[in-house]
Every structure is written in C-alpha cells, then in structure tokens.
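# Structural overview for review
Spelled out, the chains give:
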Amino acid sequence: MTITVTGATGHLGQLILNELKGYDVRAVARRPEAIDGVEARLGDYDRPETLANAFAGTDVLVFVSASEAGKRAPQHRAVVDAAVEAKVGRIVYTSITHADTSASPLAPEHLVTEGYLKESGIPYTFLRNNWYFENYTGNLATTVEHGVVLGAAGNGRIAAATRADYAAAAAVVATTDGHENKIYELGGDQAFTMAEYAAAVAQRFGKPVAYQDLPVAEYAKALEGFGVPSAFANVLAQSDAAIAAGALDVVTGDLSRLIGRPTTTLAEVLQKS
C-alpha cells in the first residue's frame, strides 16, 4: 500500500510523514528537494498540471488542506480532480470542526472541499480538526513578556490539541481499515476558555498573565498593529467571534479513540514550552 502525503513540508505534513515511518510513503510538496528520507514529488496546489503525476500509484492520499484562507476552494478542486485522474484509492482530508454548521469564516472552503470529495466517487475520510495548541503557544514569549492574551473569543471554549496528536490520527486512519466515508470530529479531551489559557500560562511561568477580551473590530485592528495583513486579521477576529458562539466547544473523544491514548493536555504543552 502506497500512502501519499500532500503539503509535506508544512508543520502538519512533516509530522504525518514522521508518523508513517516504516510504511511505503511518498511526499508531495511545492519544494520536494526540501524533503529527506522518502520519495518526494513536485505537487503544487496552484499548478494543477503537477498533481496527477504526483498522485500516480497512490492507494491512500492524505490530503492536508491548503494554508491560505480564501484560496482553498480552487486549490482543493485541483487536488480532487487530479486524484480522480490518478485513480487514487482513498482520500483522508484534514477539514475543520463542524464544517457543515460552523460560523467560522474558515469553514465554508472546507465544506466546499468536502462536497468535491463526496462527488468524486473516491472513498473519503474527513478529519475535522479543532484548533491547534500551537496557534497560541507559538508566541508564548511575547505573551509572558507583556502579561496579556488578546482576543475576541469571550467565554467560548476551545477543544484544542497538538499538531502531533492530529498527525497521529491521520496516520492511523491512513493505515487501517474501516474509515471509508466517515467523518471524525477531532479535538482535545478537555476544552478551555482563553481566560483559562491565560491563567495556565501565568501558573507555568510564574508571572501575571490575563486575558483581555476585545470587540471583534478592535481585535482585528490590534492584529493589524502587530503586522497581520488586514484581510487575515479580519478572518482571525471573526474566527474568535465564532469561538465565542461555541464553534470549537466540541469534545467528542474521536481523537483519543483513534490514537489510543488521551490527547495532550494544555498543562503538558506548556510544561514543554
């Protein structure tokens, strides 16, 4: 069985490749020369002509969603069309929590992609990933320095997990049977609010850290002030508004069941930071 992983130079893609060591694995990326240890092929979501050849001979395609919000629909259509042309046996797609009902501005593109996959006739599995802990811990030093976590998520709860947890689940689904045409709502075993996150950071580092909740527009402006492009700042702020409405308060146990262990906790993540 040949497993192909797209987006293989990205954070999640690299972790999935690592989980698949020992299997017949192929990596697909815009920069295949950056990948060591496995066969790597050029496959660029923005260059559809590169994809069918990249997927040739694939039994299971682990389709890691594109990273640029607003561009995913045409990019993902190209991937699905190429998978059909290459006669891929099964597709495992990384989607978003409750893509079919979520108020998150990121959800519509994922829902469109899920529709493409259903129409393709290829057996699929949707891994609807909740937030990554790394969305927050990537700027821990700044958080601790300034003693504040900004957001517009209110008291909304987030069932985050680590990228490594999601990668482990993707590897399990890619290498085992019984997942055809199933949807898994993946996330951490315990959800937290941003105020709880700030308190956990304060406890871990022994410094005062508080969560400051802002109106959505003010949060978007604050992000722009930190150098985030305006369009993406608005996406992030609206994502927080969706969190406030409960979009990521989704604890199903699907992730821990797939990986055969409890998901990594917030305390464990911070302890390693």
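Below, the structure is looked at part by part.

## Some words on the overall build of the protein
- Helix and strand counts for the protein stand at twelve helices and nine strands.
- Its C-alpha atoms give the protein a radius of gyration of 19 Å, near enough to 19 Å, the size a compact globule of 273 residues would have.
- Principal-axis analysis of the C-alpha atoms gives the protein an extent of 55 × 35 × 35 Å.
- Here the protein, with 273 residues, has 53% of them falling under the buried criterion.
- Within the protein, counting contacts between residues at least 6 apart in sequence, those at least 24 apart form 73% of the total.
- When the accessible surface of the protein is totalled, it reaches about 12,100 Å², and 51% of it is carbon and sulfur.
- Positive and negative side-chain charges in the protein, numbering 22 and 31 respectively, have mean positions lying 2 Å apart.

## Let's talk about the layout of surface pockets
- As a volume, the second largest pocket reaches approximately 250 Å³.
- Gln-14, Leu-17, Asn-18, Asp-36 and Val-38 are, among the 15 residues lining the second largest pocket, the residues nearest its centre.
- Top contributing element to the lining of the second largest pocket by residue count: helix α1 (residues 11-19), with three residues.
- For the lining of the second largest pocket, the residue count by class is eight nonpolar, five polar and two charged.

## Quick notes on the packing of helix α3 (residues 72-85) against helix α4 (residues 107-120)
- Between α3 and α4, the least distance of the axes is 9 Å, while the angle of their chain directions is 15°. Relative to α4, α3 is oriented roughly parallel. α3 and α4 meet at a crossing whose hand is right-handed. On α4, the residues touching Arg-72, Ala-73, His-76, Arg-77, Val-80 and Val-84 of α3 are Glu-109, His-110, Val-112, Thr-113, Tyr-116, Leu-117, Glu-119 and Ser-120.
- Of the residues belonging to the contact of α3 with α4, the class tally is six nonpolar, four polar and four charged.

## Re the packing of helix α9 (residues 216-225) against helix α10 (residues 230-244)
- At a closest axis distance of 8 Å, the pairing of α9 and α10 adopts a crossing angle of 140°. In terms of their interaxial angle, α9 and α10 are classed as oblique. You can see that α9 and α10 cross each other, and the crossing is right-handed. Listed contacts from α10 to Val-216, Tyr-219, Ala-220, Leu-223 and Glu-224 of α9 are Ser-230, Ala-233, Asn-234, Leu-236, Ala-237, Gln-238, Asp-240 and Ala-241.

## A closer look at the nonpolar core
- Membership of the largest hydrophobic core comes to 31 residues, with the highest contact counts inside it found for Val-5, Ile-16, Val-62 and Leu-186.
- Not counting residues within four places of it along the chain, the set of residues in contact with Ile-16 comprises Val-5, Val-62, Val-64, Ala-167 and Ala-170.
- Of all hydrophobic cores here, the second largest spans 28 residues; its members include Leu-140, Ile-158, Tyr-211 and Leu-248.

## Observations concerning the sheet that holds strand β4 (residues 60-63)
- Here we have seven strands laid out as an open sheet, ordered β3-β2-β1-β4-β5-β6-β8, and parallel in their pairing. In this open sheet, the two edge strands, each paired with only one partner strand, are β3 (39-42) and β8 (182-186). Averaged over all adjacent pairs, the angle separating strand axes in this sheet is 20°, with direction ignored.
- Summarising the sheet, strand β1 (residues 2-5) and β4 pair through three bridges and their orientation is parallel. Counterpart to Thr-4 in the pairing with β4 is Leu-61.
- Together, β4 and β5 (90-96) form the strand contacts of α3, whose direction differs from that of β4 by roughly 175°.

## Things to note about the environment of Ala-34
- Relative to the helices and strands, Ala-34 resides in the loop between β2 (24-29) and β3.
- Relative accessible area serves as the criterion here: at 40%, Ala-34 is assigned to the partly exposed category.
- Along the primary structure Ala-34 and Thr-9 are separated by 25 residues, whereas in three dimensions their C-alpha atoms are 7.2 Å apart.

## Quick look at the pattern of salt bridges
- Applying the stated criterion across every chain, the model contains 16 salt bridges.
- When the shortest N-O distance is used, the salt bridge between Glu-49 and Arg-47 registers 3.6 Å.
- Classification of Glu-49 as exposed rests on a relative accessible area of 59%.
- For Arg-47, a relative accessible area of 37% translates into the label partly exposed.
- A single network of salt bridges, built from pairs that share partners, joins Arg-30, Asp-44, Asp-46, Glu-68 and Lys-71.

What counts, and at which threshold
- Residues numbered from 1 in each chain as written.
- Predicted model: local features only at pLDDT ≥ 70, side-chain atom pairs only at ≥ 80, totals over all residues.
- Heavy atoms only, no water.
- Helix = DSSP H or I, 4+ residues; strand = E, 2+ residues; numbered from the N terminus.
- Rg over C-alpha atoms; globule rule 2.2 N^0.38 Å.
- Buried < 20%, exposed > 50% of the residue type's maximum accessible area, 1.4 Å probe, protein only.
- Contact = heavy atoms within 4.5 Å.
- Areas by Shrake-Rupley, 256 points an atom, 1.4 Å probe, with all protein chains shown as cover.
- Lys, Arg positive; Asp, Glu negative; His and termini not counted.
- Charge placed at Lys NZ, Arg CZ, Asp CG, Glu CD.
- 1 Å grid on protein atoms, 1.4 Å probe; cavity = no way out; pocket = protein on both sides within 12 Å on 5 of 7 lines; lining within 4 Å.
- Points joined across faces, edges and corners; volume = space filled by probe spheres on them.
- Nonpolar A, V, L, I, M, F, W, Y, C, P; charged D, E, K, R; others polar.
- Axes fitted to C-alpha atoms, helices over the stretch in contact; angles between N-to-C directions.
- Parallel < 35°, antiparallel > 145°, perpendicular 65-115°, else oblique.
- Left-handed = near helix turned anticlockwise from the far one by under 90°.
- Core = buried A, V, L, I, M, F, W, Y, C linked by side-chain atoms within 4.5 Å.
- Pairing = 2+ DSSP bridges.
- Salt bridge = Lys/Arg side-chain N within 4 Å of Asp/Glu carboxyl O.

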